[in-house]
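Topology and contacts: notes
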Amino acid sequence: MKRIVIHEEHCIGCRLCEVYCLVAHSTSRDIIKAFKTERKTVMPRVLVEEDGPISFALQCRQCQDPSCLEACISGAMHRDERTGAIICDESRCVGCWMCIMVCPVGAIQQNLLGTQVASKCDLCYFADVPACVANCPNEGLTYEVIDEEARL
Amino acid sequence: MALSMSTATFVVDRDETRCITCQVCVRQCANDVHYYDEDGDRVLSRDDACVGCHRCVSLCPTRALVIRQNPLEFRPHANWTAGRLRDIYKQAETGGMLLTGMGCDQPYRIYWDHMLLNASQVTNPSIDPMREPMELRTLLGRKPERLAFEQGGALAAEAVPGPQLELSIPVMFSAMSYGSISINACQSLARAARQVGTFYNTGEGGLHPGLYAYGANTIAQVASGRFGVHLDYLNAVAALEIKIGQGAKPGIGGHLPGEKVTPDVSRTRMIPQGADALSPAPHHDIYSIEDLRQLIYALKEATHYAKPISVKVAAVHNIAPIASGIVRAGADIVAIDGMRGGTGAAPTVVRNNVGIPIEVALAAVDQRLRDEGIRHCASIIAAGSCRSSADVLKAIALGADAVYVATSALVAMGCHLCQNCYTGRCNWGIATQDPYLTKRLNPNIGERRLANLLRAWSLEIKEMMGGMGINAIESLRGNRDHLRGVGLNQVELDALGIKAAGC
Amino acid sequence: MKVVIVGNSAAAVGVVEAMRAQDQRAQIMMISEEPHPIYSRPLLDHYLAAKIPRARLAYRSADFYTRHDVTPLLETRVVALDTAARCVTTADGRSIDYERLVICTGGAPIVPPVDGREAQGVFTFARLGDIEGIDRLIASQQVHSAVVVGAGMIGIKATDALSRRGIRVTMLELAPRILSAALDDAASAILAARLQSAGVDVRTGNTVTAINSTHGRVSSVTLQDGGELAAQLVVFGIGVRPNVALVSGTDIAVNRGIIVDRTMRTTVSDIYAAGDVAEAYDLVVDMNRIVAIWPNAYRQGAIAGAQIVGLDAHDRGGVAMNAIEVQGLAAMAIGSANAEGAEYEVLCEGDPVAERYKRLVLQDGRLVGAILVGQINRAGVYTGLIRTRMDVSAYRKQLMGDGFGLLSLPEHYRKHIVTGQGIEV
């Protein structure tokens, strides 16, 4: 199964990953429409940490033993059979924030734009390649098969 | 404070129907041209600071930006152009030398664009490069005058060639120092040289420890400042090059502004941090051709005569006897850098007014060495703005064994020729030491793009060679008969040693 | 192999999902004394508050049992366990044998011996049945005021839910502050202030000594300080006791809860325990104790299930933690969050007016506890640090910062996480 690998040394902090993640999860899927009309309702699921020359784009690590799934009280966090991605079913999420409390990389955010739900990367399970990977101008994110044995 | 008469060179046009206020341009401009206005929730631009590097244009996800030349017009004047006026305004304000980067941008005649290559038609038919092997392999170094054998078939002593550099394609990456360009740019050049099977030149910045691994594909420079020159440096590489001058600024030394002398650069060059690194104009131990010979042989001794020694000079007025002297002094390779060659920093007035074009210099040197019967003693490398595979072939036809490219390589890596290298704020991560900017050139991508460029050129070279009925690049070397001039006067044709088209 | 699970909540689901990820052949039976299919207890206050419809109480889909080939035995109470004969007996006299037994009986709410507690209108706040009762009471008669006894997690949730239903609530807490086990004075004060501004009457240092009724229905309560409060509804939320009754008379070691090792095995072979009933290893305090929280229950169940099908799963240990939202204000307590004393180094900063607070507790240079109020973004990074037990003393200043993230931590830790290899927690 493929996972997103982060290359901190190539991240330039441009945040195009956030831009395209938002578009991929918008209703219109059109970059201009999404930003001009859906900005108040859609959140990117990738977040860029930056401090001077060091930066990287962080999203859900799709852990093998996901703490968020363990902690989810509503059963909204579940594993997608096809991609193996951990996805939050926002129609079942109640915004209790237990997942935020346990995610060791802090990849889950509060989505307070509409009904309160947890927002996290879903590996763009609906597309061939995650939007952030496809649009990073410096290959700071790649999509690769990871040695499952080495992962948690 | 008195009034400044400098006006913006460029104007930023933002299409508000396309701008999504993502602020990528704000983050990516090293000159802080774009900024976010919170009150209006929009991105605005300070045109004055724009250098026309197109970083923002390239990254804008909706292509909302266009950079145009400032349409501000002076009253038309063929002599006092806008550029001339601006230069004087600037100098009146600052009292300093005007600095610039990259190669001469003035409209001197470009001889490559006035020479055309031959093709086979009826006799001596073309060769199809898809069907028959094309030899682009090039060997640089001293060749024997003639073949001679001993009894028993072994090569006679006088027929043994000197140490050679083997190139898979007659193109190498020219000297660009670590300091003038970033470590990521150096990495890209080194890796691409290794991948393609050619060489890159360290320039006068010394060799960074992280690059010793590519030593087999490295030509190390010994320049007037002797930056980074120590015994390990000399022995780690495939060849050495004594840099007497470079085409962009003949007669003066290298110039690395203090902003670019970081701890890493300081260590590699063996100079103090933060101070301007100005190489002296001459080597202070080379004041005659005999002195040059001494240095050449000192380097050969230090490297056990195992590596070719190159001498690089700028193309100037008496280049032919200069080159002859260099070859007789024992150099295995002579590199000639024409006036359109690039640089990381040079006084504009020197870059634009000093030196001669590579095409005529090359022709003169090749002819003089042939006339003196010493053409085989050294290989000639032509440098100074080869922009395409056609320029490469024309250079070889004029007499070069191979060419050095630098500007083409930088452009391949993303350079947009904004000519602001000397500020150290290269938005493409190339001519900078700022770690934040350096990251923008991912060496994996840089290597890929450079290797792609050389691969594309080698395919084109094979096509053109095949078209000429030639299957080995050696056959084209100095073969002036494959060139014809257009739009040149007789003096120029004679200087190049070619006939006019139609003759 | 025949596996019997006594329980039908988080731990039990953990057992089943871990087993079925590896093995489709074992026979699994889940026995529950409640009549409902698997639902989420932590969502009960959301349901009472009318924030979610009943259908969303489901923790797993309705076809969970069939999909995982599990035999459910609902509305059935297990009353006896014979470890020698390897069978359990139900209240209706059935005998069910097992090859592996997992005890996930959870906890039972504590009802203090207060006079008058048998009156109608007195509830605990633990099961769906309790909430249905409260809901019926509210629907069938005028409930103007309610008294909630206990201001721990349960008490706060009950208070919040009732308050959202428009009922005037008085919340009583014996300790000097609300959420006394989880929070410190400062954080507790912020939450109490928020409750008060929402109209809740918060009274600490007080409790109920008697419940008074009229015609068998609750009409008022008598307080410890002598006062009296009118109320038509009383909810006890003072704590839970592990349901260990099943193992009495057996050799299964019990302290407060059923003692388990890192593989969730009890002291009797082939018997496991998981969830609120288990006394398992807590890595922050380095000893076994009961930490009755949902994530622990699921994880422990998953480890037991994995062990049953032959995998070498071990529990690295639990961390006490809770997330709560009071009238829209979020708060979290993780690890030894309110620890005080010479051996702890406490970093704290807050703005009560802005309803923000952060408290970090270090011990021997390691992060052992955290309280966050208001700004809870990326709190899990602290949890991750508590779990890895790495020395963070060099990053004190960054730890407390608003922008605290992975960049503040050493590169090797960060790269270990972000190269897709997760971290060991």
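Residues numbered from 1 in each chain as written. Chains lettered and ligands numbered in written order. Predicted model: local features only at pLDDT ≥ 70, side-chain atom pairs only at ≥ 80, totals over all residues. Heavy atoms only, no water.

**Comments concerning the overall build of chain C**
Where we set the bar: A run of H or I in DSSP becomes a helix once it reaches four residues, and a run of E becomes a strand once it reaches two; helices and strands are each numbered from the N terminus. What the globule rule says is 2.2 Å times the number of residues to the power 0.38, and the radius of gyration is computed from C-alpha atoms. Relative accessibility under 20% of the residue-type maximum defines a buried residue, over 50% an exposed one, and the middle range a partly exposed one, all with a 1.4 Å probe and only protein chains included.
When its secondary structure is counted, chain C shows 10 helices and 26 strands. In terms of overall dimensions, chain C is globule-like: its C-alpha atoms have a radius of gyration of 23 Å, near the 22 Å expected for 425 residues. Each principal axis of the C-alpha distribution contributes one length, and for chain C these read about 65 × 60 × 40 Å. For chain C, the proportion of its 425 residues judged to be buried stands at 57%.

**Some details on the interface of chain C and chain A**
Using the following cut-off: The contact criterion used is simple: two residues touch if any of their non-hydrogen atoms lie within 4.5 Å. Buried surface area refers to the total accessible area, computed with a probe of radius 1.4 Å, that the two partners give up upon joining, counted for both partners together. What counts as a salt bridge is simple: a side-chain nitrogen of Lys or Arg found within 4 Å of a carboxyl oxygen of Asp or Glu. Side-chain atoms alone can form a polar contact between residues adjacent in sequence; in general such a contact is a pair of N or O atoms within 3.5 Å, and within protein one must be able to donate a hydrogen while the other accepts it. Residue polarity follows a fixed list, in which Ala, Val, Leu, Ile, Met, Phe, Trp, Tyr, Cys and Pro are nonpolar, Asp, Glu, Lys and Arg are charged, and the others, Gly among them, are polar.
Taken together, the 44 residues of chain C in the interface contact 42 residues of chain A. Each partner contributes to the roughly 3,500 Å² buried at the junction of chain C and chain A, and carbon and sulfur atoms together form 59% of this total. Linking chain C to chain A there are three salt bridges. Of the charged contacts in the structure, one is a salt bridge between Glu70(A) and Arg299(C), with a shortest N-O distance of 3.7 Å. Where chain C touches chain A, the interface holds 17 residue pairs in polar contact (both at pLDDT 80 or more). It is helix α10 (residues 411-421) of chain C that provides the largest number of residues to the side of chain C that touches chain A, a total of eight residues. Its residues placed into classes, the side of chain C that touches chain A shows 23 nonpolar, 11 polar and 10 charged.

**Digging into the arrangement of the chains**
Contacts are most numerous, across the two pairs of chains in contact, for chains A and C. Over all C-alpha pairs, chain B and chain C never come within contact, reaching a minimum spacing of 15 Å.

**Description of the sheet that holds strand β23 (residues 329-335) of chain C**
Neighbouring strands of a sheet are bound in pairs by backbone hydrogen bonds; such pairs are parallel or else antiparallel. All names here are of chain C. For the record, the criterion: Between any two strands, at least two bridges found by DSSP are needed for them to pair. Interaxial angles span 0 to 180 degrees and are taken between N-to-C directions of axes, which are lines fitted to C-alpha atoms, for helices over the stretch in contact.
Taken in spatial order, the five strands of this open sheet run β22-β23-β26-β25-β24, and their pairing is antiparallel. Two strands close off the open sheet at either side, each with one partner strand: β22 (321-326) and β24 (345-351). Direction aside, neighbouring strands of the sheet carry axes that sit 10 degrees apart on average. Where β22 meets β23, six bridges bridge the pair, whose relative direction is antiparallel. Bridging from a neighbouring strand, valine 326 pairs with leucine 329 of β23.

**Some details on the confidence of the model for chain C**
Spelled out, the test is: Per residue, pLDDT captures the predictor's confidence, and it can take any value from 0 to 100.
Here chain C averages 93 in pLDDT, while 98% of its residues score no lower than 70. For this predicted complex, the interface score ipTM comes out at 0.94, alongside a pTM of 0.91.

**Regarding unusual backbone geometry**
A negative phi angle characterises most non-glycine residues, just as the trans form characterises most peptide bonds. With a phi angle near 65 degrees, Gln419(B) is a residue other than glycine that sits in the positive phi range. By the element assignment, Gln419(B) lies in the loop between α12 (407-413) and α13 (435-438). On the basis of relative accessibility, which here comes to 19%, the residue Gln419(B) falls in the buried class. Of note in the backbone geometry, Glu355(C) takes a positive phi value of approximately 55 degrees without being a glycine. Tracing the backbone shows Glu355(C) in the loop between β24 and β25 (356-363). A relative accessible area of 19% means that Glu355(C) is categorised as buried.

**What about the domain arrangement of chain C?**
Residues and elements named next belong to chain C. Applied cut-off: All domain edges in this entry derive from an automatic or database-based domain assignment.
In terms of domain boundaries, chain C breaks down into domain 1 (2-42 + 58-108 + 241-308), domain 2 (122-238) and domain 3 (328-419). Between domain 1 and domain 2, the C-alpha centre-to-centre distance is 31 Å. Between domain 1 and domain 2, the residue contacts involve seven residues of the former and six residues of the latter. Between domain 1 and domain 2 lies a buried interface of about 500 Å² when both sides are counted; carbon and sulfur atoms form 43% of it. Taken as a group, His36, Tyr39 and Arg41 account for 54% of the area that domain 1 buries against domain 2, more than any other trio of residues on that side. Here domain 1 is connected to domain 2 by two salt bridges. Where arginine 127 meets glutamate 33, a salt bridge forms, and the shortest distance between an N and an O atom there is 2.9 Å. On inspection of domain 1 and its partner domain 2, the count reaches two residue pairs in polar contact (both at pLDDT 80 or more). Of the residues belonging to the side of domain 1 that touches domain 2, the class tally is two nonpolar, two polar and three charged.

**Remarks on helix α7 (residues 289-302) of chain B**
Residues and elements named next belong to chain B. In plain terms, the rule: Working rule for helices: expected span equals 1.5 Å times residues minus one. Within this analysis, the arc is defined by the directions that extend from the helix axis to the C-beta atoms.
Helix length check: α7 (14 residues) gives 20 Å between terminal C-alpha atoms against 20 Å at 1.5 Å per residue, within 8%. All of the buried residues in α7 are Leu292, Leu295, Ile296, Leu299 and Lys300. When α7 is viewed along its axis, its buried side chains cluster within an angular range of 140 degrees and face the same direction. Of the residues in α7, the exposed ones pointing more than 90 degrees away from the buried face are Glu290 and Gln294. Buried residues belonging to α7 abut β11 (218-222), α5 (231-236), β12 (239-243), β15 (309-314) and α8 (319-328).

**Re the interface of chain A and chain B**
Taken together, the contact between chain A and chain B spans 24 residues of the former and 24 residues of the latter. In this assembly, chain A packs against chain B so that about 1,800 Å² is buried in total across both faces, 56% of it on carbon and sulfur atoms. The salt bridge involving Arg448(B) is made with Glu139(A); its shortest N-O contact spans 2.8 Å. If you look at where chain A meets chain B, you find 11 residue pairs in polar contact (both at pLDDT 80 or more). Among the secondary structure elements, those contributing two or more residues to the side of chain A that touches chain B are α1 (16-24), α2 (31-37) and β3 (54-58) of chain A. Sorting elements by how many residues they give to the side of chain A that touches chain B places α2(A) first, with four residues.

**With respect to a nonpolar patch on the surface**
For clarity, the threshold we go by: Only residues whose relative accessible area exceeds 30% and that take part in no salt bridge are eligible for patches, with like-charged residues grouped when within 9 Å of each other and nonpolar side chains (Val, Leu, Ile, Met, Phe, Trp, Tyr) grouped when within 5 Å. All accessibility values rest on the Shrake-Rupley procedure with a 1.4 Å probe; residue burial counts only the protein chains present in the view.
Together, Leu147(B), Phe149(B), Leu155(B) and Val160(B) give the surface a local cluster of nonpolar side chains, amounting to about 390 Å² of exposed area. Looking at where Phe149(B) falls in the secondary structure, it is placed in the loop between β7 (138-140) and β8 (165-167).

**A look at the nonpolar core**
The criterion, for reference: Only buried Ala, Val, Leu, Ile, Met, Phe, Trp, Tyr and Cys residues count toward a nonpolar core, and they belong to the same one when joined by side-chain atoms within 4.5 Å.
Ranked by internal contacts, the top residues of the largest apolar core, which has 155 residues, are Ile5(C), Leu81(C), Ile103(C) and Leu162(C). Not counting residues up to four positions away in its chain, the partners in contact with Ile103(C) are Val6(C), Leu81(C), Leu246(C), Val247(C), Ile252(C), Ile258(C), Ile271(C), Tyr272(C), Ala273(C), Ala274(C) and Val277(C). Of all hydrophobic cores here, the second largest spans 105 residues; its members include Ala277(B), Ile336(B), Ile380(B) and Leu496(B).

**A look at the sheet that holds strand β18 (residues 258-259) of chain C**
Residue and element names in this part refer to chain C. In space, the three strands of this open sheet follow the order β18-β20-β21, with mixed pairing throughout. The open sheet has two free edges, formed respectively by β18 and β21 (287-289), since each of these has just one partner strand. Where β18 lies against strand β20 (residues 278-282), two bridges are found, and the strand directions are parallel. Residue pairing for β20: isoleucine 258 is matched across the bridge by alanine 278.

**Topic: the pattern of salt bridges**
This model, assessed by the stated rule, comprises 53 salt bridges over all chains. With a closest N to O distance of 4.0 Å, Glu34(C) and Arg127(C) form a salt bridge. A residue pair is termed long-range when its members are at least 10 positions apart, and Glu34(C) in the loop between β2 (27-31) and α2 (44-48) and Arg127(C) in the loop between β9 (122-124) and α4 (128-140) qualify at 93 residues. Linked by salt bridges that have partners in common, Asp366(B), Arg370(B), Arg375(B), Asp401(B), Arg477(B) and Arg480(B) make up one network.

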